[in-house]
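Topology and contacts: notes
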Amino acid sequence: MNDRPTTRVKKSSWEFSEGAFKAFLTWLDDGTESDGRSYLAIQQRLTAYFDRKGCQTPVNLADETLNRVGRRLEEEGEIITEAPAKYCYTVARFVFLEYIRDNARRGEVPLDDVLERRISDRTGVSNSDEEQELKERTFKCLESCSENLVPANRSLILRYYFGVERTKIENRRQMAGELGITANALSIRACRIREKLEVCVTKCVDGK
């Protein structure tokens, strides 16, 4: 068995059975007995991980991560890794990348239109292998550049582009109220953050 997680774009419908959950706890506890405390600890840590990245549903993403690990353990019988918690974080990174991709398809994250134009300009061919490779690199650069933002700006930019139509409008109105600024001031602030991201992503993708 290798230590590379299996990823799926769509949220899995698999859920823990009693037997699968016991096997998962045994694997997570590395053979010791923690009465489920290790599970709660890793769930809370993963929730904090997704929350720091500005995700709208950090608890759900944490549960999805653990479900994927549990499913692989049930299907393959074992997961050989030096540290179970580290492996869970590896899977969490893939879940976050899928979250970014899925939201970009719905227009709920910044840079989606800019990145799509750059991808089209660079490849000239839709749905090609080159295009797919460039998309993967671009979204990874977006994740990396987002990590370089201060937490407040990262949370703001992700929240600002969340939702569609009325949901997005209401979300921005609420954000402006929380920050004590006008909608126009919020728009300017988001635009400045977006511009920084665009510059960073462009340099990253081009290898500069």
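In case you missed it, the structure is sitting above this.
A brief look at the structure comes next. Predicted model, so just to flag it, every value in this text is computed and none were measured.

Time to look at the packing of helix 2 (residues 37–52) against helix 3 (residues 58–76). For the pair helix 2 and helix 3, interaxial distance at closest approach is 8 Å and the crossing angle is 125°. Relative to helix 3, the element helix 2 lies oblique. In this structure, the crossing between helix 2 and helix 3 has a hand that is right-handed. Between helix 2 and helix 3, the residues in contact are Tyr 39, Ile 42, Gln 43, Leu 46, Thr 47, Phe 50 and Asp 51 and Pro 58, Val 59, Leu 61, Ala 62, Asp 63, Thr 65 and Leu 66, respectively.

Since the α-helix turns once every 3.6 residues, residues separated by three or four places project in the same direction. Turning to helix 1 (residues 18–28), its buried residues number three or more, namely Ala 20, Phe 24, Leu 25, Trp 27 and Leu 28. Buried residues of helix 1, seen end-on, are gathered within an arc of 160° and therefore sit on one face of the element. Facing away from the buried side of helix 1, by more than 90 degrees, are the exposed residues Glu 18 and Lys 22. A positive phi of about 55° marks Asp 30, the residue just after helix 1.

For the structure on display, the rule yields 9 aromatic pairs. Ring geometry for Phe 16 against Phe 24: centres 5.2 Å apart, planes inclined by 55°, an arrangement best described as tilted. Ring geometry for Phe 24 and Tyr 39: centres 5.9 Å apart, planes at 80°, overall edge-to-face. Residue Phe 24 is found in helix 1, and its partner Tyr 39 is found in helix 2; the two are separated by 15 residues along the sequence. Each member of the pair, Phe 24 as well as Tyr 39, carries the same accessibility label: buried. Within the aromatic cluster, the residues linked to one another by ring pairs are Phe 16, Phe 21, Phe 24, Trp 27, Tyr 39 and Tyr 87. One residue, Arg 172, lies across the ring of Tyr 160, its end atom 3.7 Å from the ring centre.

What counts and what doesn't
Residues numbered from 1 in each chain as written. Predicted model: local features only at pLDDT ≥ 70, side-chain atom pairs only at ≥ 80, totals over all residues. Heavy atoms only, no water. Axes fitted to C-alpha atoms, helices over the stretch in contact; angles between N-to-C directions. Helix = DSSP H or I, 4+ residues; strand = E, 2+ residues; numbered from the N terminus. Parallel < 35°, antiparallel > 145°, perpendicular 65-115°, else oblique. Left-handed = near helix turned anticlockwise from the far one by under 90°. Contact = heavy atoms within 4.5 Å. Buried < 20%, exposed > 50% of the residue type's maximum accessible area, 1.4 Å probe, protein only. Arc of directions from axis to C-beta. Phe/Tyr/Trp six-rings, centres within 6.5 Å; stacked < 30°, edge-to-face > 60°. Lys NZ or Arg CZ within 6 Å of the ring centre and 35° of its normal.

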